[in-house]
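# Overview (structure and organization)
Take a look at the letters that make up each chain.
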Amino acid sequence: MSAANPYYRSAVLAGATVRRLQREGCSLDEAKRLVVQVINSEETEMIRLRREFDEAGVAERLKRLAATE
């Protein structure tokens, strides 16, 4: 995967978010579930609004995720 891929930074941030949530007390499954919810929400909005991927918006939502366990 290269930095030219528009989803590269978001994928890296998603992985970092999973690790951060685990450090905050989430199980691996729960951390992944939370991250996937953010990504699925973005995909839904892209389809619904017929717009491009909002990398900054996804990054902000991933940063705001908090452990729920």
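Residues numbered from 1 in each chain as written. Predicted model: local features only at pLDDT ≥ 70, side-chain atom pairs only at ≥ 80, totals over all residues. Heavy atoms only, no water.

Further remarks concern the overall build of the protein. Summing up its helical and strand segments, the protein has three helices and zero strands in all. Traced from its N-terminal end to its C-terminal end, the protein shows the element sequence α-α-α. Taken over the C-alpha atoms alone, the protein extends approximately 35 × 25 × 15 Å along its principal axes. Buried positions account for 28% of the 69 residues belonging to the protein. (Helix = DSSP H or I, 4+ residues; strand = E, 2+ residues; numbered from the N terminus. Buried < 20%, exposed > 50% of the residue type's maximum accessible area, 1.4 Å probe, protein only.)

Tracing the chain through its elements places Phe 53 in the loop between helix H2 (28-49) and helix H3 (55-64). Here Phe 53 falls in the partly exposed class, since its relative accessible area comes to 21%. C-alpha of Phe 53 to C-alpha of Glu 42: the two residues are 11 residues apart in sequence and 7.3 Å apart in space. If we skip the residues at most four places from it in the chain, Phe 53 touches Pro 6, Tyr 7, Ser 10, Glu 42, Met 46 and Val 58. (Contact = heavy atoms within 4.5 Å.)

With that out of the way, let us pick up unusual backbone geometry. At Arg 50, a position not held by glycine, the phi torsion is positive, near 50 degrees. As for its placement among the helices and strands, Arg 50 is situated in the loop between H2 and H3. Given a relative accessible area of 79%, Arg 50 falls into the exposed group.

Looking now at the nonpolar core. Of all hydrophobic cores here, the largest spans 11 residues; its members are Ala 14, Val 18, Leu 21, Cys 26, Ala 31, Leu 34, Val 35, Val 38, Val 58, Leu 62 and Leu 65. Examining the composition of this core, we find that four residues originate from one element, H2, more than from any other. Beyond its immediate chain neighbours, meaning those up to four positions away, Leu 65 contacts Thr 17, Arg 20, Leu 21, Leu 34, Val 35 and Val 38. (Core = buried A, V, L, I, M, F, W, Y, C linked by side-chain atoms within 4.5 Å.)

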